[in-house]
Amino acid sequence: MGHRVFRDSRVTTHVCLTARALGASGVIIANSPDKGVESSVREVVKRFGGSFQVETGPEWRHVIRGWKGEGGKVLHLTAYGLPLPKVIDQIQAVRADLLVVVGSEKMPGEMFKLADWNVSVTSQPMSEVGALAVFLDWYHSHMEFELDFPGSEMQIVPSKEGKIVKEVSRVACKSLALD
Ligand SMILES: C[S@@+](CC[C@H](N)C(=O)[O-])C[C@H]1O[C@@H](n2cnc3c(N)ncnc32)[C@H](O)[C@@H]1O
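Residues numbered from 1 in each chain as written. Predicted model: local features only at pLDDT ≥ 70, side-chain atom pairs only at ≥ 80, totals over all residues. Heavy atoms only, no water.

1. Section: the packing of helix H1 (residues 9-21) against helix H6 (residues 128-139)
The following threshold applies: An axis is simply a line fitted to the C-alpha atoms; with a helix, the fit covers only the stretch in contact. Between two such axes, the angle follows the N-to-C directions and lies from 0 to 180 degrees. Working definition: helices are DSSP H or I runs of at least four residues, strands are E runs of at least two. Numbering for both runs from the N terminus. Should an angle fall under 35 degrees it is taken as roughly parallel, and over 145 as roughly antiparallel, whereas 65 to 115 is taken as roughly perpendicular and any remaining angle as oblique. Note on contacts: a residue pair is in contact if any heavy atoms of the two residues lie within 4.5 Å. Residue polarity is assigned by list, with Asp, Glu, Lys and Arg as charged and Ala, Val, Leu, Ile, Met, Phe, Trp, Tyr, Cys and Pro as nonpolar; anything else, Gly included, falls into the polar class.
In the contact formed by H1 and H6, the axes pass within 9 Å of each other and the chain directions differ by 5 degrees. Here H1 lies roughly parallel to H6, going by the angle between them. Every residue of H6 that contacts H1 at Val11, His14, Val15, Thr18 and Ala19 is listed here: Glu128, Val129, Leu132, Ala133 and Leu136. Residue composition of the contact of H1 with H6, grouped by class: seven nonpolar, two polar and one charged.

What follows is the structure, given as structure tokens:
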């Protein structure tokens, strides 16, 4: 929520890429249509695989009401919420789709009321990217290294030094020069 086109595009793209890498199914950027962010994220999905969805523009209350109307739960990440270690078990136990809300600026008070949980990652102010990363790591019980991203054009091959990328379509390996 609160994405400002141009000003926030880089951080908002990082929110999307972090969500994707750590196992979310997609992201909705409320209120602000931004084709630039959409195409950056879709380009990563095309190259690195998976089926991560990105949508920009729908009004935030409409998204939340629609989500809840279909039986989903809403979790708002905020420094003012209950500490993550105290609530993670009950959140993981719920078998509904989860919408995790982060903001780029001050959130409306109404958000705190609409959320099923207001959850903090420490009671200190931090970045939405950092808070989202820690939450998803806990939510997925630190299993993100096991995630599959099918249909990729390329895969990163972990290496001690250098950058090794496998081009999946050509079943070839090539080392890219260091920056
Ligand atoms: C940079 S903060 C903006 C905070 C804003 N200045 C305010 O007073 O509400 C951006 C977002 O990061 C998330 N965030 C920041 N600190 C957090 C924390 N300790 N725990 C959970 N989420 C946090 C919240 O989603 C927040 O909306």
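2. Description of the packing of aromatic side chains
Basically, it comes down to this: Any two of the Phe, Tyr and Trp rings considered here, Trp counted by its six-membered ring, make a pair once their centres fall within 6.5 Å; the pair's planes then place it as stacked at under 30 degrees, edge-to-face at over 60, or tilted in between. Relative accessibility under 20% of the residue-type maximum defines a buried residue, over 50% an exposed one, and the middle range a partly exposed one, all with a 1.4 Å probe and only protein chains included.
If you walk through the whole model with that rule in mind, you get one aromatic pair. Between Phe135 and Tyr139, the ring centres sit 5.6 Å apart and the planes meet at 20 degrees, which makes this aromatic pair stacked. Of this pair, Phe135 and Tyr139 both sit in helix H6, four residues apart, roughly one helical turn. Among the residues examined, Phe135 registers a relative accessible area of 0% and is labelled buried.

3. Here we look at the site of the ligand
The following threshold applies: In these notes, residues near a molecule or strand are those with any non-hydrogen atom within 4 Å of it. Whenever a nitrogen or oxygen atom comes within 3.5 Å of another N or O atom, the pair is scored as a polar contact, on the condition that within protein one atom can donate a hydrogen and the other can accept it, and that pairs from neighbouring residues in sequence are kept only if both atoms are in side chains.
Around the ligand sit 18 residues in total, of which Leu77, Gly103, Val121, Gln124 and Met126 are the nearest. Here an oxygen atom of the ligand sits 3.2 Å away from a polar atom, N or O, in the main chain of Gly103. Between Val121 and the ligand, the recorded distance is 2.9 Å, taken from a backbone N or O atom to a nitrogen atom. Sort the elements by how many residues they give to the shell around the ligand and strand S3 (residues 73-83) lands first, with three residues. Its residues assigned to classes, the shell around the ligand comprises nine nonpolar, six polar and three charged.

4. Section: the environment of Glu153
Looking at the element boundaries, Glu153 is found in the loop between H6 and strand S6 (154-157). Sequence-distant contacts of Glu153, defined by excluding residues within four places in its chain, comprise Lys46, Arg47, Lys166, Glu167, Val168 and Ser169. Only 3.4 Å separates the side chain of Glu153 from the side chain of Lys46, close enough to count as a polar contact.

5. Some words on the packing of helix H4 (residues 84-93) against H6
Spelled out, the test is: In this scheme the crossing of two helices becomes right-handed for a clockwise turn of the near helix relative to the far one and left-handed for an anticlockwise turn of less than a right angle.
Taken N-terminus to C-terminus, the directions of H4 and H6 make an angle of 50 degrees; their axes are 10 Å apart at the nearest point. If you check the angle between H4 and H6, you find them oblique. Relative to H6, H4 is oriented so that their crossing is right-handed. Along the contact surface, H4 presents Leu84, Pro85, Ile88, Ile91 and Gln92, while H6 presents Val134, Phe135, Trp138 and Tyr139.

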